[in-house]
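# Observations on the model geometry
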Amino acid sequence: MIVNSTRQVITRSPHKSVGVINCQYFQSQPIVYESQLERAFVQLSLLCPGVRRIIAQPFRVNLDPIKKKHYTPDYLVELDDGSFLIVEVKILKRIAKLERRLKQINERLSSRSFPFMTADETQLYSLDKEKHVKAILRYVNWQVTPEVKATVLQALEQMDRSSISLKDLAIQVQCTPEDLLHLIATRQIFITAVTPISELFITKPISGVTHGINFFSHWFNTALWGSDLPVPQTT
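The notes below deal with the structure included here.

### Quick word on the sheet that holds strand β9 (residues 116-119)
One open sheet holds the four strands; their spatial order is β4-β7-β8-β9, and the pairing between them is mixed. At either margin of the open sheet sits one strand with a lone partner, and together these are β4 (51-56) and β9. On average, each strand axis in the sheet is inclined to that of its neighbour by 25 degrees, with strand direction left out of account. Pairing analysis gives four bridges linking strand β8 (residues 84-89) to β9, with the strands arranged parallel. Along β9, the bridge assignment pairs Val89 with Ala119. The sheet contacts of helix α3 (residues 99-110) involve β8 and β9, and relative to β9 the element is tilted by about 145 degrees.

### Observations regarding the pattern of salt bridges
In this structure the tally under the stated criterion is six salt bridges. Notably, a salt bridge pairs Glu88 with Lys90, separated by 2.4 Å at the nearest N-O pair. According to the relative accessible area criterion, Glu88 is buried, its value standing at 4%. Residues Glu99 and Lys103 are paired through a salt bridge, measuring 3.3 Å at the closest nitrogen-oxygen approach. Placement of both Glu99 and Lys103 in helix α3 is noted, with a separation of four residues, approximately one turn of the helix.

### Examining the packing of helix α6 (residues 146-158) against helix α7 (residues 166-173)
Contact pair α6 / α7: the axes reach a minimum separation of 10 Å and the direction vectors enclose 115 degrees. As far as their axial angle goes, α7 and α6 are roughly perpendicular. In this structure, the crossing between α6 and α7 has a hand that is right-handed. Between α6, through Thr151, Val152, Ala155 and Leu156, and α7, the contact on the second element is made entirely by Leu169, Gln172 and Val173.

### Some thoughts on the pairing of β8
In terms of residue burial, β8 counts as a mostly covered element, since five of its six residues are buried. Relative to β8, strand β7 (residues 75-79) is paired through four bridges, and the arrangement is antiparallel. Bridge assignment links Leu76 to a residue of β8, and that residue is Ile86. From the end of β7 to the start of β8, which pair antiparallel, there are four residues, and Gly82 there has a positive phi angle of about 90 degrees.

### So, the nonpolar core
Grouped together as the largest cluster of nonpolar side chains are 52 residues, with contacts concentrated most on Phe41, Val87, Ile184, Ile202 and Phe216. Ranked by residues supplied to this core, first place goes to helix α1 (residues 36-46) with six residues. In this structure Ile202 touches Leu156, Met159, Ser162, Ser163, Ile164, Leu166, Leu169, Leu180, Ile184, Ile189, Phe190 and Ile191, once residues within four positions along its chain are discounted. Judged by nonpolar contacts, the second largest core, of 15 residues, contains Leu102, Ile105, Leu109 and Trp225.

### Observations regarding the environment of Ser207
Note on placement: Ser207 falls in the loop between β11 (201-203) and α9 (213-219). The exposed category is assigned to Ser207, whose relative accessible area is 76%. Considering only alpha carbons, one finds Ser207 and Glu157, 50 residues apart in sequence, at a separation of 9.4 Å.

### Here's the deal with a positive patch on the surface
Side chains of Lys67, Lys69, Arg100 and Arg101 sit close together on the surface and give a patch of like positive charge. Relative to the helices and strands, Lys69 resides in strand β6 (residues 69-71). Since its relative accessible area comes to 45%, Lys69 is described here as partly exposed.

### Points about the packing of aromatic side chains
What the rule picks out here adds up to nine aromatic pairs. A centroid spacing of 5.3 Å and a plane angle of 35 degrees characterise the contact between Phe41 and Tyr75, whose relative ring orientation is tilted. Of the two residues, Phe41 sits in helix α1 while Tyr75 sits in strand β7, which places them 34 residues apart along the sequence. With respect to class, Phe41 is no different from Tyr75; both count as buried. Ring plane angle 85 degrees and centroid distance 6.5 Å describe the contact between Tyr71 and Phe116, whose orientation is recorded as edge-to-face. Placement of the pair is Tyr71 in strand β6 and Phe116 in strand β9, with a sequence separation of 45 residues. The two residues Tyr71 and Phe116 agree in class, both being buried. Within the aromatic cluster, the residues linked to one another by ring pairs are Phe41, Tyr75, Phe216 and Phe220.

Cut-off values and rules
Residues numbered from 1 in each chain as written. Predicted model: local features only at pLDDT ≥ 70, side-chain atom pairs only at ≥ 80, totals over all residues. Heavy atoms only, no water. Pairing = 2+ DSSP bridges. Helix = DSSP H or I, 4+ residues; strand = E, 2+ residues; numbered from the N terminus. Axes fitted to C-alpha atoms, helices over the stretch in contact; angles between N-to-C directions. Contact = heavy atoms within 4.5 Å. Salt bridge = Lys/Arg side-chain N within 4 Å of Asp/Glu carboxyl O. Buried < 20%, exposed > 50% of the residue type's maximum accessible area, 1.4 Å probe, protein only. Parallel < 35°, antiparallel > 145°, perpendicular 65-115°, else oblique. Left-handed = near helix turned anticlockwise from the far one by under 90°. Core = buried A, V, L, I, M, F, W, Y, C linked by side-chain atoms within 4.5 Å. Patch = residues over 30% accessible without salt bridge, like charges linked within 9 Å, V, L, I, M, F, W, Y side chains within 5 Å. Areas by Shrake-Rupley, 256 points an atom, 1.4 Å probe, with all protein chains shown as cover. Lys, Arg positive; Asp, Glu negative; His and termini not counted. Charge placed at Lys NZ, Arg CZ, Asp CG, Glu CD. Phe/Tyr/Trp six-rings, centres within 6.5 Å; stacked < 30°, edge-to-face > 60°.

Dropping the structure here:
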């Protein structure tokens, strides 16, 4: 059985980094995080093409009604193709220790047609991705004129390649890198991957193409629980 979550993040703990990400340009509902790892997941998701909505602690799953055991997912992610995905964010050691419980959770969610994925620090912090994301998101409040935005979008539509570097696009349309970073941060244009700002490439929009679970899992370099990738093991 799946019921609406009654769990609310309303208290702060000295052992947790509790907070809220407000992103009105993306969705009206703020996104709660309870750790720096969860914050990194949310911020990486905000730059991922195809993400339509992110809901923290969306519902509660009864795992054992007799023993009153239940599970509240960290995040429900809705994608552009209409699919939904449950994501549990934990450090790698915890994922390995909870393998049996996570398998049970995956079975219960799968029976309700919810794919299940875990994300850990090896994916969220690799190659300093969380630092690069923060650098991009600093430009959310940068001001871009409608004329510049229209020129950028037109240039991307008309280019004859799948992507272009941020530097080259800025030169081509005669705008500042900050203008482009704002459009990236607010999901008006998208990047091929999270990299240092000097190495960013912007993708050409393709009409009619939607991104689903496979693209989302590739963005995080992970796989759905129970798929071809093994359960993470610690050494």
